[in-house]
Protein chains: 2
Amino acid sequence: MNAPQKDVLPVSTDVVVFTMREDCLNVLLVPGDNRVNRRWRLPGGPVRHCEHLDQAAERNLQRDTGLSGVFLEQLYTFGAPERDLEQRIITVAYYALVSALSPSATKQMSTGAARLFPVSDLPTMLLDHDAIVGRAHCRLAAKLEYSTIALQFMPNRFPLSGLQRVYEAILGTALDKRNFRKRILALDCLEETPDFARNGRHRPARLYRIKTPGRVEIFK
Amino acid sequence: MNAPQKDVLPVSTDVVVFTMREDCLNVLLVPGDNRVNRRWRLPGGPVRHCEHLDQAAERNLQRDTGLSGVFLEQLYTFGAPERDLEQRIITVAYYALVSALSPSATKQMSTGAARLFPVSDLPTMLLDHDAIVGRAHCRLAAKLEYSTIALQFMPNRFPLSGLQRVYEAILGTALDKRNFRKRILALDCLEETPDFARNGRHRPARLYRIKTPGRVEIFK
DNA sequence: ACAAAAGTGTTTACCTTACACCCATGA
DNA sequence: TCATGGGTGTAAGGTAAACACTTTTGT
């Protein structure tokens with residue numbers, strides 16, 4: 001039994017960081033630091049005594065992964081008393097969406113201090129972290145239908161086909177190209193740039209930009 | 001400063017109990033028991049060390065209001081450090097829907113230990129309880145659109161017009177009678193009973209029954 | 001020239017909305 | 001008989017779904 005610490009509460013935050021890699025939805029995990037349990041876990045940690053929950057989530061995320069300033073939203077609070085072995089810890093789960101990993105996050109990844117896993121191929125995780133990821137994935141998929149949340153995955157400029165691949169990866173289904181483009185453009189949240197992506201040996205794709213970056217619109 | 005108690009965590013549950021009264025959406029509040037602050041507050045209290053969050057919500061709800069076995073769903077966790085004056089308390093908010101107040105709840109109400117307030121005319125409440133009620137109301141209104149959650153307000157048998165009034169009270173808008181009936185019956189969650197409500201001096205209303213009571217269907 | 005992804009409209013089916021009159025009862 | 005809420009159908013508009021070929025580039 002660990003003695004309870006003074007500065008922190010028996011409450012922690014855990015963050016499900018989603019990002020796209022190779023057209024697949026990935027989750028960022030960190031290796032368990034616990035002697036008892038060396039399983040992969042979600043980045044997170046205890047809430048300090050004088051700290052907003054959101055701040056705690058951001059701070060612990062930054063410490064564990066180097067990420068900051070990302071889209072972060074509270075998901076659900078998990079508090080089964082049997083979920084932790086050593087002491088009762090209630091965790092307020094968040095999810096985060098990042099378009100590209102920051103340099104410091106990339107560094108953490110190269111040193112093995114963090115690693116991406118496709119949601120379809122997650123390792124065995126600490127405690128109930130699999131349930132947390134599952135719920136986060138559900139929330140994300142649901143929000144695709146009535147918000148512009150998917151834009152959080154996109155870089156400054158991107159082709160519509162890239163956005164479509166994001167939708168398809170999250171929903172797990174193929175979408176019709178024409179209907180998808182119509183629907184997205186009708187939202188009036190993107191604008192054309194004069195530029196094109198000249199990638200492969202095929203016609204270059206028009207690049208679009210988000211009209212109000214950082215803002216997630218809810219409609220309906 | 002109160003000394004922290006051993007058996008409980010610095011985490012509480014608060015429950016927004018919604019019920020219909022006189023075609024208005026009401027919230028059940030209890031009088032603040034605190035010497036410092038005698039404002040009305042949401043029923044709730046601390047989470048015990050070995051207790052599920054849901055159990056804590058249910059237990060505290062029963063203690064404060066006599067209600068049990070009601071529809072209860074986690075809403076959001078509020079944890080601004082400045083939200084409480086004496087000590088840092090994080091609260092996991094829930095909302096509950098009840099069709100009619102149970103006898104024990106009615107008793108608590110008659111003794112002044114609990115009282116209903118219309119959401120449109122709430123008193124000044126403890127701490128951030130107004131924000132909690134606001135968020136609960138939003139969630140409830142949103143869920144009307146894609147679930148059968150409103151049925152939780154209804155008694156065993158009820159006329160369709162009664163259900164319509166529930167929708168109207170929650171959404172704050174009038175609905176077309178014919179379209180409403182079509183839409184609800186198309187959900188295939190109600191069945192006719194042979195009975196009618198003979199109330200006023202007008203044609204009696206057909207009574208309906210919920211096919212699978214206690215089950216909230218999510219569609220779309 | 002060919003492979004590979006980009007880009008583009010129309011038709012159909014379905015769902016949502018608007019809307020007005022008769023019915024059964026109690027007073 | 002009259003006031004009150006209960007009960008019913010249809011037409012129009014809008015949204016979502018299905019569907020195939022041409023364009024532009026790199027090799």
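What counts and what doesn't
Residues numbered from 1 in each chain as written. Chains lettered and ligands numbered in written order. Predicted model: local features only at pLDDT ≥ 70, side-chain atom pairs only at ≥ 80, totals over all residues. Heavy atoms only, no water. Near = heavy atom within 4 Å. Polar contact = N/O pair within 3.5 Å; in protein donor to acceptor, adjacent residues only side chain to side chain. Helix = DSSP H or I, 4+ residues; strand = E, 2+ residues; numbered from the N terminus. Nonpolar A, V, L, I, M, F, W, Y, C, P; charged D, E, K, R; others polar. 1 Å grid on protein atoms, 1.4 Å probe; cavity = no way out; pocket = protein on both sides within 12 Å on 5 of 7 lines; lining within 4 Å. Points joined across faces, edges and corners; volume = space filled by probe spheres on them.

## A short note on the protein's contact with DNA strand C
Phase 1 of the analysis: Neighbouring DNA strand C are 20 residues, the closest being S161, K177, H202 and R206 of chain A together with R201 of chain B.
Phase 2 of the analysis: Counting only atoms of DNA strand C within 4 Å of the protein, the fraction found in sugar and phosphate groups is 40%.
Phase 3 of the analysis: In the environment of DNA strand C, a phosphate oxygen lies 3.2 Å from a nitrogen or oxygen atom belonging to the side chain of R181 of chain A.
Phase 4 of the analysis: Only α5 (177-186) and β10 (205-210) of chain A together with α5 (177-186) of chain B provide two or more residues apiece to the surface near DNA strand C.
Phase 5 of the analysis: Considering every element that reaches the surface near DNA strand C, the biggest residue donor is α5 of chain A, with four residues.
Phase 6 of the analysis: Residues of the surface near DNA strand C, tallied by class, amount to three nonpolar, five polar and twelve charged.

## Re the protein's contact with DNA strand D
Phase 1 of the analysis: Neighbouring DNA strand D are 20 residues; R201 of chain A together with S161, K177, H202 and R206 of chain B lie closest to it.
Phase 2 of the analysis: Sugar and phosphate atoms form 41% of the subset of DNA strand D atoms that lie within 4 Å of the protein.
Phase 3 of the analysis: One of the side-chain nitrogen or oxygen atoms of N179 of chain A is found 2.9 Å away from a base nitrogen of DNA strand D.
Phase 4 of the analysis: Here R206 of chain B contributes a backbone N or O atom positioned 2.4 Å from a phosphate oxygen of DNA strand D.
Phase 5 of the analysis: Of all the secondary structure elements, the ones that give two or more residues to the surface near DNA strand D are α5 of chain A together with α5 and β10 (205-210) of chain B.
Phase 6 of the analysis: Take the surface near DNA strand D: its biggest share by element is four residues, from α5 of chain B.
Phase 7 of the analysis: Here the surface near DNA strand D is composed, by residue class, of three nonpolar, five polar and twelve charged.

## Quick word on the layout of surface pockets
Phase 1 of the analysis: Estimates place the volume of the second largest pocket at around 1,500 Å³.
Phase 2 of the analysis: Forming the walls of the second largest pocket are 29 residues, and the residues nearest its centre are R139 and Y146 of chain A together with R139, A142 and Y146 of chain B.
Phase 3 of the analysis: When contributions to the lining of the second largest pocket are tallied by element, the ones reaching two or more residues are β5 (71-78) and α3 (129-146) of chain A together with β5 (71-78) and α3 (129-146) of chain B.
Phase 4 of the analysis: Per-element tally for the lining of the second largest pocket: the top contributor is α3 of chain B, with eight residues.

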